[in-house]
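Survey of secondary and tertiary structure
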Amino acid sequence: MGIGELDREAHVPGGTGAAAAPRTLAEALRARGDEGLAALLRARPDLLSPVPNDLTQLATRAGTRGSVVRALERLDRFTLQTAEALAVAPDPAPYSVLLALLSGDDGDPDIEAALPRAVGVLREQALVWGDDDRLRLVRTARELLAPSPQHPSPTGLGPTVSEATAGMSPGRIQEIIAAAGLPATHDPVSAVAALTELFTDRDRMGALLDTAPPDALAVLDRLVWGPPYGEVTANPAPPVRWLRDRGLLLPASTRTVVLPREAALHLRGGRAHRAPEPHAPELSVLREYRPQVVDSAAAGQAYTALATVEELLKGWDQGGPAVLRSGGLSVRDLKRTAGALDVSEPVAAFWLELCYGAGLLASDGEADERYAPTPAYDDWLDLPAAERWAGLVTAWLVGTRASGLVGGQDAKGRALSTLGPDLDRGAAPEVRRRVLTLQATLPPGSAADPETLLARLRWERPLRGAGRNGPAGDAEAGRGASGGSGTTYGTGASGGRGAATGTSSGSHAPTDLRSRIALWTLSEAEMLGITGRGALASPARALLNLPLAEAATEPVAVHGVELSLAASRAATLLAPLLPEPVDHVLLQADLTAVAPGPLQRPLAHMLSVLADVESKGGATVYRFTPGSVRRALDAGRTASDLHDFLTAHSRTPVPQPLAYLIDDVARKHGHLRVGAASAYVRCDDDALLGEILADKRSASLRLRRLAPTVLASQTDPAALLDGLRSMGYAPAAESAEGDVLITRADAYRTGARTAPVPVPDGPPAPDATLLGAAVRAIRAGDLASTAVRKERPEGAPAVAGELPRTSPAETLATVQAAAMTGSAVWIGYVNAEGAASQRVIAPVRVEGGFVTGYDHTADEVRTYPLHRITGVAELADDQV
């Protein structure tokens, strides 16, 4: 919407009498205080990018289609219904007319009580302006919400009589008013006005409908709540002809009729919406538990989450799967990861995305790109368990990655892969926080019913949940149709009438993105230990900055340092609930060890090298095998080190079979040495080398004897090691100096990587400092653009906003005089890039070809070259 259109939105003074009513949206904004402007910019932060030069530009930007659509998408259902009612009301509309459209002829105390808040929200966001006696909906919002054949109204209403009869022949209009019992008029305009007056007169309209055939009333019942359009055949049924003759059905096309808005409102009892919703749906409790039970269950889930992340990344310590050419993880690798974690593929995708979002996992950036843990993972492992949990949950809460989208398709039909692009959804953090905050409104220990939770979210953001391109529909409408969709009437066997209902559009499906994110939030919060048995735990309340003992309806916004403090408080509350790590295991005679609880980190790390995890649960079972013992020896441990380790950390004696296993593997370990030739094998026992050459299984290694104690191979050392081990030998790798090469499972890490930056859902919310500076800049710019200068010497009147033009001599003389008198002047200025602007400055010094003064527009002292000042003018006395 341009400035000219804003200025044409004239407004007649209302009944306040204190001051002239605003004639434009810009004037309405100009009448606001600084707090009102700050509230507008806070509610619609897109208006700040960049900061408008003045209030006229702010009003223009507030009326653009993109900005209005974003503002409408953030309205709750009743506020949106209020805007929709204004869109079908006369322009401008008194407050009483708006109330009647929402509450109907019978009134509704709930609507009457809720309407001032809704109108206040629309006013604050500059979607509605004007006094209560002449409320105006911003033109762009009216165009988006008003009924049209291409974009049906959420109210289900059709066009007005005047709109529906546009283009109709004068003779046909006269026929209609005659059939309706109205006297003939001299022109179509008065005829349309008479028909409109009839339809809006409750008594006369009721008398007309009393004469209608019952079948005609049934036709109206089908159309009254929308869609208002119906198809007619070449030979319509008598009830349809009766309605059409009296203007109760007006032609929309050659074979389509429409119910006029005024007639529909009469049949509805004056209501614009079938089911206004002035109040948000109440949350219902699905189950109730003692708060201690909830906290214990959540703590157990939190511990499981930490163990899952450690197990996942430990499996990728030597380098994870390859990165797809298009980015992300292949389906096969996702299945393999899910199998390793013993979870479903969607759950595995969630854990992978969580590690990626927390900066613990990334691609290594090499030519043969693979995934691997980052250096931040090692730092994370060194933290206490509660702090590790807080870090994961914080990353999840503010992250925009939506793992639930994995397996779907993007807009171009391409599959969405785990860790791949196009998984960011800017609405995810807001939905997650809102879901958890709504759960916090219930009594402690109460789990919310998911259905009522989704209903509440849909009420709070009906258009955001719908996922449509622009506010063209509403959940309660769900019946809007365009053109000829709706009900078809024609001749039939029974009474000459048949019907077929058209396709509905605009309904809220439970699978819309916002609802899907909410459902994912419920399951993910349970897996992370934010909730226990579906109820919000105490640490999560601290993380959200909510009171611990009582419910809260809104969280306190936490960002940066505040978020870190909230995470620290949550970790403090969680720490006592987590199980204490134990420093021992129970060795069994069947070559297994049982960990009766979570192990201390050094013990767990060493045991994971020495043994393989056989089962997990309340007690983890480890199994010792020749391969696991060899792995410990490869890591630089000796047999005596392993015996001492087991003796020190076992509450039971070391079983004899386990001691024999360690000694037997250690005896063979390192007897063979493998190096690079491409690869070689050396051994002091030449008979053993002869045995390897004679073994048919060594044919693939392509070995040949170089010396009595040395074999050479064309394979690389790693493949040679694996091949010999598969034959039952226990070779050890050696360095170029001949020393045993010690390998560590956690040796491979990516380069330094930062966590991915969340993709914002629109501009960030401005803080108080930015709002204050923006309001001051807009006020100063508005002063410059609306300042009225004194009349020109020749007597020509000044024009507000016109760029001043003076000669260099006049410019110098005027700013020097202003500097001496301490007055402000209005200047036109062109910067080095050639951009022209207007400014109000108070000169304090003029020298060296420069003028220095306080710039009211920028709210600071600035210096301007005189040769770039196009002109200067004194302000009128009332502007100084």
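All of these numbers come straight from a predicted model, not from anything done at the bench. (Residues numbered from 1 in each chain as written. Predicted model: local features only at pLDDT ≥ 70, side-chain atom pairs only at ≥ 80, totals over all residues. Heavy atoms only, no water.)

What follows concerns the packing of helix H22 (residues 428-440) against helix H23 (residues 450-460). Axis separation between H22 and H23 bottoms out at 11 Å; the angle between their running directions is 120°. By the angle between their directions, the pair H22 and H23 is classed as oblique. Judged by the twist between their axes, the crossing of H22 over H23 is right-handed. Across the interface between the two elements, Arg 434, Val 435 and Leu 438 of H22 pack against Leu 453, Arg 456, Leu 457 and Glu 460 of H23. (Axes fitted to C-alpha atoms, helices over the stretch in contact; angles between N-to-C directions. Helix = DSSP H or I, 4+ residues; strand = E, 2+ residues; numbered from the N terminus. Parallel < 35°, antiparallel > 145°, perpendicular 65-115°, else oblique. Left-handed = near helix turned anticlockwise from the far one by under 90°. Contact = heavy atoms within 4.5 Å.)

Before going further, it helps to examine the sheet that holds strand S14 (residues 592-595). As summarised here, the arrangement of the four strands in space is S13-S14-S16-S15, forming an open sheet in which the pairing is antiparallel. The sheet terminates laterally at strand S13 (586-588) and strand S15 (612-615), the two strands that pair on one side only. Here the average twist between neighbouring strands, direction ignored, is 30°. Across three bridges, S15 lies against strand S16 (residues 620-623) in antiparallel orientation. From the neighbouring strand, Asp 612 faces S16, where its bridge partner is Arg 623. (Pairing = 2+ DSSP bridges.)

Let us look at helix H35 (residues 808-821). Compared with an ideal rise of 1.5 Å per residue, which puts 14 residues at 20 Å, H35 spans 20 Å between its outermost C-alpha atoms and is within 8% of the ideal. Residues of H35 that are buried: Thr 811, Val 815 and Ala 818. All buried residues of H35 lie within an arc of 60° about the axis, which places them on one face of the element. Along H35, exposed side chains directed more than 90 degrees from the buried face belong to Ala 809, Met 820 and Thr 821. Each element contacted by the buried residues of H35 is listed here: strand S22 (825-830), strand S23 (836-847), strand S24 (850-855) and strand S26 (869-874). (Expected span 1.5 Å × (residues − 1). Buried < 20%, exposed > 50% of the residue type's maximum accessible area, 1.4 Å probe, protein only. Arc of directions from axis to C-beta.)

This part takes up the packing of aromatic side chains. Within this structure, the stated rule accounts for four aromatic pairs. The interplanar angle of 65° and the centroid separation of 4.8 Å between the aromatic rings of Tyr 829 and Tyr 864 together place this pair among those described as edge-to-face. Taken as a pair, Tyr 829 in strand S22 and Tyr 864 in strand S25 (residues 860-865) lie far apart in primary sequence, 35 residues in all. Residue classification places Tyr 829 among the buried positions, given a relative accessible area of 12%. (Phe/Tyr/Trp six-rings, centres within 6.5 Å; stacked < 30°, edge-to-face > 60°.)

This part is about the confidence of the model for the chain. Parts of the prediction with low pLDDT should not have their coordinates interpreted in detail. Predicted confidence across the chain gives a mean pLDDT of 83, with 85% of residues reaching 70 or more. Overall, residues 1-18 carries pLDDT values under 50, and its contacts beyond four positions in sequence, including any with other chains, amount to 46 contacts. (pLDDT = per-residue confidence, 0-100.)

For the rest of this paragraph, the subject is the pattern of salt bridges. Inspection of the entire model under this criterion finds 29 salt bridges. A salt bridge links Arg 725 to Asp 634; the shortest N-O distance between them is 2.7 Å. Residue Arg 725 is found in helix H33 (residues 717-726), and its partner Asp 634 is found in helix H29 (residues 626-634); the two are separated by 91 residues along the sequence. Residue class for Asp 634 comes out buried when judged on its relative accessible area of 12%. In this structure, a network of salt bridges that share partners links the residues Asp 91, Arg 136 and Arg 142. (Salt bridge = Lys/Arg side-chain N within 4 Å of Asp/Glu carboxyl O.)

Our next topic: the sheet that holds S22. Backbone-to-backbone hydrogen bonds join strands into a sheet, with any given pair of strands oriented parallel or antiparallel. Across the sheet, five strands lie side by side as S25-S24-S23-S22-S26; this open sheet has antiparallel pairing. Taken across any chain shown, the strands that pair with only one partner, and hence form the sheet edges, are S25 and S26. Across the sheet, the axes of successive neighbouring strands diverge by a mean angle of 45°, strand direction being ignored. Two strands pair when backbone bridges link them, and S22 and S23 are joined in this way by six bridges, in the antiparallel orientation. Bridging from a neighbouring strand, Val 825 pairs with Ile 841 of S23. Across the sheet, H35 is in contact with S22, S23, S24 and S26; its angle to S23 comes to roughly 65°.

Moving on: unusual backbone geometry. In this structure, Pro 50 follows Ser 49 across a cis peptide bond, with omega equal to -5°. Examined against the element boundaries, Pro 50 turns out to sit in the loop between helix H3 (34-43) and helix H4 (55-62). Phi angles above zero are rare outside glycine, and Asp 342 is one such case at about 60°. Its location among the elements puts Asp 342 in the loop between helix H18 (331-341) and helix H19 (345-357).

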